[in-house]
Amino acid sequence: MKQLNGSYNLNVKKNPFSSILVKFVICFLLLGLAYRLYSSSYVQFSPVEVTTETTTINGDDDVGPQSLPPPVISGLPPVSTIDPPPEAVDVNKNTTSQAGKCNLFVGDWIPDSTGPYYSNSTCSLIEGHQNCMKNGRPDTGYIYWRWNPRDCDLPKFNAKRFLDFVRNKSLAFIGDSIMRNHAQSLVCTLSQVEEAVEVYHDKQYKSKRWSFPAHNFTLSVIWSPFLAKATIFEDDNGMSTDIIQLHLDELDAVWTQQYNNFDYLVTAGGKWFLKATVYYENNTIVGCHNCQRENITEVGFYYAYGKVINSTLKFITSSKHRVYAFLRTTTPDHFENGEWHNGGYCNRTKPFKEGEVDMNPIDEMLRKVELEEFEMASTIGSQNGITLKLFDTSYLSLLRPDGHPGAYRHFQPFAGKDRNVKVQNDCLHWCLPGPIDSWNDLMLNVLLNS
């Protein structure tokens, strides 16, 4: 054996008898392989095992907090308006995967000519800021896509099946206005089968509860943007008179006192943790985020976010009341060339493709906290009989810059104006109907496969 220029030159003397024997062995192996391939055509795959804001402006309670880095976008075509994609999808397919398992949250958005479950004319519960159709958004292509997991088929949401599944139960969405956005998506969808009856709202209409009497099912949204006890000095127009005070070691009683009433819940943190805030533990100041006060140590939002998510999940997994809980991951925004307060906009009209956009560093930090805390809490929960699922919608949301109200958070924002004039955009919340409706497809699939 001699090494020549980094490779090996093999000089093996041939033996006639050895050659005949080798050929015989090769023929035998090829025959065996052919038989194996033929017989494998009768093998059936097993069913899949699914494993698992922000300065308030003009009365909206989850608005971009400060100048955050925008999504990193590469090689994108110019923005253009699209018509409904012509391709239809088979909504009756079962969730299957050749690998035996499927990650529902990894995939892409595919055209869906069947369109949404509801519209602004069939659901009267859509908030004005998310009612993009009524507000005059001219393009409609954004409602003709659905989420398609990479390794399996995801059936579209079946409202009747969902209502039958949650009969005699209660479901709560606990968090900020993105959580309320999701709750209203689900209420609008379910109302196509049984009309929801609003039975409660708080003074600011941020927390609500609906009943579906025929199924004895209640759906609540509880506005608790920090999940922990917080004193917020803001009015309905987002005007602040003082810095937020957040108690990292004390959860918000607005949801913990109702906790035993719920059979299912969805919870999440969010963009509120990016606001300027003073942090307390044992009623003593322990630091702050962006408070710019000389006598208070800057510890950053990352520290506070970890403490609150940890406390929230610990409360859920150690409770004697057993619920089925989802922890939803952070929702990226899609502001370009600015933020809420300085001319940022989102006027794209079709989804990103894989590789065209990256999550910004701050959203990555929030998600990292969520994944780490979930990993620890899910182990404890399983030991205590609590089902805790990760609802990892970050990536699929990142790919939908077209699904936000943008300028159409207000009714006819360009009426009587030059269309080039700058108006405030909402690139955080979702149009209804819109991409957030696919979150219901995912939720039902996780429930049915658990």
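Computed from a predicted structure; not experimentally measured.

**Student:** Would you mind going over the overall build of the protein with me for this structure?
**Tutor:** Helix and strand counts for the protein come out as eight helices and 19 strands. Looking at the protein as a whole, 51% of its 450 residues are labelled buried. Carbon together with sulfur atoms contributes 52% to the accessible area of the protein, which is approximately 22,000 Å² in total.

**Student:** What is the right way to read the sheet that holds strand β8 (residues 170–175) from this model?
**Tutor:** Strand pairing in a sheet takes place through backbone hydrogen bonds and is either antiparallel or parallel in direction. With mixed pairing, the seven strands of this open sheet are ordered in space as β9-β10-β11-β8-β14-β17-β19. Here the strands that pair on one side only, and so sit at the sheet edges, are β9 (197–201) and β19 (387–391). When strand polarity is set aside, the average angle formed by the axes of neighbouring strands in this sheet is 15°. Note: strand β17 (residues 324–328) against β19, five bridges, orientation parallel. For Y324, the partnering residue across the bridge sits in β19 and is T387. Taken strand by strand, helix α5 (residues 301–318) contacts β14 (264–267), β17 and β19, and its axis lies near 170° from that of β14. Packed on one face of the sheet, helix α8 (residues 438–448) meets β8, β14, β17 and β19 and runs near 140° to β17.

**Student:** Help me understand the environment of S170 in this model?
**Tutor:** Mapping S170 onto the fold places it in strand β8. Relative accessible area serves as the criterion here: at 6%, S170 is assigned to the buried category. It is 4.8 Å that separates the C-alpha atoms of S170 and T218, two residues lying 48 residues apart in sequence. A polar side-chain atom of S170 sits 2.6 Å from the main-chain carbonyl oxygen of N261.

**Student:** I keep staring at the pairing of β9 and nothing clicks. Help me out?
**Tutor:** When a strand is regular, its side chains alternate between the sheet's two faces. In this sheet, strand β10 (residues 208–212) lies alongside β9 in antiparallel orientation, the contact comprising four bridges. Looking at β10, one finds that H201 is bridged to K208.

**Student:** When you look at the state of the cysteines in this model, what are you seeing that I'm missing?
**Tutor:** Each disulfide consists of a covalent bond between the sulfur atoms of two cysteine residues. Tallying each qualifying case throughout the model produces five disulfides. With its sulfur 2.0 Å from that of its partner, C288 forms a disulfide with C291. Residues C288 and C291 share a disulfide whose torsion about the S-S bond is about -60°; that sign makes it left-handed. Accessibility classification places C288 together with C291 in one group, the buried group. Disulfide partner of C346: C427, at an S-S distance of 2.2 Å. Torsion about the S-S bond of the C346 and C427 cystine: about -95°, corresponding to left-handed handedness. You can see C346 sitting in the loop between β17 and β18 (357–358) and its partner C427 sitting in the loop between α7 (394–398) and α8, a full 81 residues away along the chain.

Criteria and cut-off values
- Residues numbered from 1 in each chain as written.
- Predicted model: local features only at pLDDT ≥ 70, side-chain atom pairs only at ≥ 80, totals over all residues.
- Heavy atoms only, no water.
- Helix = DSSP H or I, 4+ residues; strand = E, 2+ residues; numbered from the N terminus.
- Buried < 20%, exposed > 50% of the residue type's maximum accessible area, 1.4 Å probe, protein only.
- Areas by Shrake-Rupley, 256 points an atom, 1.4 Å probe, with all protein chains shown as cover.
- Pairing = 2+ DSSP bridges.
- Axes fitted to C-alpha atoms, helices over the stretch in contact; angles between N-to-C directions.
- Contact = heavy atoms within 4.5 Å.
- Polar contact = N/O pair within 3.5 Å; in protein donor to acceptor, adjacent residues only side chain to side chain.
- Disulfide = S-S within 2.5 Å.

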